[in-house]
Amino acid sequence: MLRAHVNIGSNLGESLAMVERAAGAIERDLKVEVKRSAPVTSEPWGYESASAYVNMGICFDTRLDGATLLRRLLDIERSISPASHRNADGSYADRLIDIDLIALGDTVVSTPSLILPHPRMHLRPFVLIPMRELDPTWRHPLTGLTPGEMLSRLI
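What you see is a predicted model, and the numbers here were worked out from it, not measured in a lab. (Residues numbered from 1 in each chain as written. Predicted model: local features only at pLDDT ≥ 70, side-chain atom pairs only at ≥ 80, totals over all residues. Heavy atoms only, no water.)

K.L.:
Would you take a moment to explain the side chain of Ser-42 for this structure?
P.N.:
The topology assignment puts Ser-42 in strand S3 (residues 40–42). Setting aside residues no more than four positions away along its own chain, Ser-42 makes contact with Ala-52, Tyr-53, Asn-55 and Phe-126. (Helix = DSSP H or I, 4+ residues; strand = E, 2+ residues; numbered from the N terminus. Contact = heavy atoms within 4.5 Å.)

In structure tokens:
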């Protein structure tokens, strides 16, 4: 079994309810027990928007490999909202739901469809704060840093 770390975010509609809905769908569809972080509110990352995000980290144990888990998470995401996360020019867009696979134990993967650990996790407090709450001793398999150590480098 590997510990999966997932970040769920929303900045449209009833964001907290959407994040909770996604966490519940993951729990039901993957038949796992999900541990949830406290919600984190943040400004959009990588683009301008008047709508703040609500993010929540979740973690759970799974036997799924990274590619299969990512496919299942994206299926859940599309079942909640099929809208694209990008504008026509490729820039980020506001979204009803966003589900990102952040890490899968100490798995390191780099393929066109999946990079683990998430390549920008160390730049995102809304990812690191929940990870620090849920699994403070987890270490990035490439840098050896804990979520708290990565977070302290951002402050």
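Still more ground to cover, so stick around.
K.L.:
It is not clear to me how the packing of aromatic side chains should be interpreted in this structure. Could you clarify?
P.N.:
The description of two aromatic rings rests on the distance between their centres and on the angle between their planes. Here the structure, examined in full by the defined rule, presents one aromatic pair. Centre to centre, the rings of Tyr-47 and Tyr-92 are 6.1 Å apart; their planes meet at 50°, and the pair counts as tilted. Of the two residues, Tyr-47 is situated in the loop between S3 and strand S4 (53–62) and Tyr-92 in the loop between helix H2 (66–80) and strand S5 (98–104); the sequence distance between them amounts to 45 residues. As far as burial versus exposure is concerned, Tyr-47 and Tyr-92 are alike and both buried. When the ring centre of Trp-45 is taken as reference, the NZ or CZ atom of Arg-124 above it lies at 4.1 Å. (Phe/Tyr/Trp six-rings, centres within 6.5 Å; stacked < 30°, edge-to-face > 60°. Buried < 20%, exposed > 50% of the residue type's maximum accessible area, 1.4 Å probe, protein only. Lys NZ or Arg CZ within 6 Å of the ring centre and 35° of its normal.)

K.L.:
Any chance you could explain the packing of helix H1 (residues 15–30) against H2 here in plain terms?
P.N.:
The relative placement of two packed helices comes down to the angle between their axes together with the axis-to-axis distance. One way to put it is that H1 packs onto H2 with a least axis distance of 10 Å and a crossing angle of 130°. Comparing the axis directions of H1 and H2 gives the class oblique. The two elements H1 and H2 meet at a crossing, and its hand is right-handed. Taking contact as the criterion, the partners of Met-18, Arg-21, Ala-22, Ala-25, Ile-26, Asp-29 and Leu-30 in H1 are, on H2, Leu-69, Arg-72, Leu-73, Ile-76, Ser-79 and Ile-80. Residue composition of the contact of H1 with H2, by class: nine nonpolar, one polar and three charged. (Axes fitted to C-alpha atoms, helices over the stretch in contact; angles between N-to-C directions. Parallel < 35°, antiparallel > 145°, perpendicular 65-115°, else oblique. Left-handed = near helix turned anticlockwise from the far one by under 90°. Nonpolar A, V, L, I, M, F, W, Y, C, P; charged D, E, K, R; others polar.)

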